[in-house]
Amino acid sequence: MVDALFANSRLASLYDPLDPDRSDLDAYAAMVEEFGASRVVDLGCGTGTLACLLGQRGVSVIGVDPAAASLAVARRKPHAEKVRWVHGDASATAGRAADLVTMTGNVAQVFVADDDWHTTLRAVRTAPKAGWCSRPGTRFDGHGRVGPARRRGSGCTFPRSARSRPGPT
Ligand SMILES: C[S@@+](CC[C@H](N)C(=O)[O-])C[C@H]1O[C@@H](n2cnc3c(N)ncnc32)[C@H](O)[C@@H]1O
């Protein structure tokens, strides 16, 4: 079930104003560039800040989220028209071509049961050629609110073409 914080339209509209500093997304944008990813799926895109940023830069990006109210906020942002918005979860990425799948801003922490986490990763991996990258805890660590998540299996994998390059830790 989607958290009301993201699914209620009044709460979703507060998400960006309450946390306007999105410098946490710089690392993801840098990875997209470093790995030469021209097609990105942003899973759990929420209000779409990263997706719009990437769309503005000419990246072909699909923003996926199960919270319709958050997607509605995303669709109103500058450059939103350059993003394909999909209402759903990881299963909605099946068959969609992508070079990289991102999960930013603690999306990984949504999956508290190993089964849910593995189901999500398996679904993401059906996207042709996709690598995936999630940096759990990055955002909140920067604000000193929540310590780093220590989920087994977190990190990054990349398409074969990118594996020779050093990945982030
Ligand atoms: C903390 S918000 C992060 C939003 C955005 N990635 C960001 O950086 O601002 C977590 C997001 O995960 C989404 N989410 C919840 N369950 C999900 C699932 N099963 N699959 C994908 N996203 C999910 C929520 O709807 C919410 O938009």
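Since this is a predicted model, take the numbers as computed values, not measurements.

### Structural notes on the overall build of the protein
Along its length, the protein carries 8 helices and 6 strands. Ordered by position in the sequence, the α and β elements of the protein form the string α-α-α-α-β-α-β-α-β-β-α-β-α-β. A buried classification covers 35% of the 169 residues belonging to the protein. Partitioning the contacts of the protein with sequence separation of at least 6, the portion at a separation of at least 24 is 67%.

### Some words on the site of the ligand
In the vicinity of the ligand lie 18 residues, with Phe6, Gly44, Gly46, Ala67 and Gly105 positioned nearest. For the shell around the ligand, a count of residues per class yields 9 nonpolar, 7 polar and 2 charged.

### Some details on the confidence of the model for the protein
This prediction gives the protein a mean pLDDT of 81; 75% of its residues lie at or above 70. Across residues 136-154, where pLDDT falls below 50, the model places 27 contacts with residues more than four positions away in sequence or in other chains. This stretch, residues 158-169, has a pLDDT under 50; its non-local contacts, to residues over four places away or in other chains, come to 13 contacts.

### Looking at unusual backbone geometry
It is generally the case that most residues other than glycine have a negative phi and that most peptide bonds are trans. Its identity as a non-glycine residue notwithstanding, His79 has a phi of 75°, on the positive side. Structurally, His79 can be placed in the loop between helix 6 (68-75) and strand 3 (83-87). By the C-beta count within 10 Å, which is 15 here, His79 ends up partly exposed. For Asn106, which is not a glycine, the phi torsion comes out positive at approximately 70°. Within the secondary structure layout, Asn106 lies in the loop between strand 4 (100-103) and helix 7 (114-125). Assessed through the 19 C-beta atoms surrounding it within 10 Å, Asn106 is described here as partly exposed.

Reading the values: the criteria
Residues numbered from 1 in each chain as written. Predicted model: local features only at pLDDT ≥ 70, side-chain atom pairs only at ≥ 80, totals over all residues. Helix = DSSP H or I, 4+ residues; strand = E, 2+ residues; numbered from the N terminus. Buried ≥ 20, exposed ≤ 12 C-beta atoms within 10 Å, placed from the backbone. Contact = placed C-beta atoms within 7 Å. Near = placed C-beta within 6 Å. Nonpolar A, V, L, I, M, F, W, Y, C, P; charged D, E, K, R; others polar. pLDDT = per-residue confidence, 0-100.

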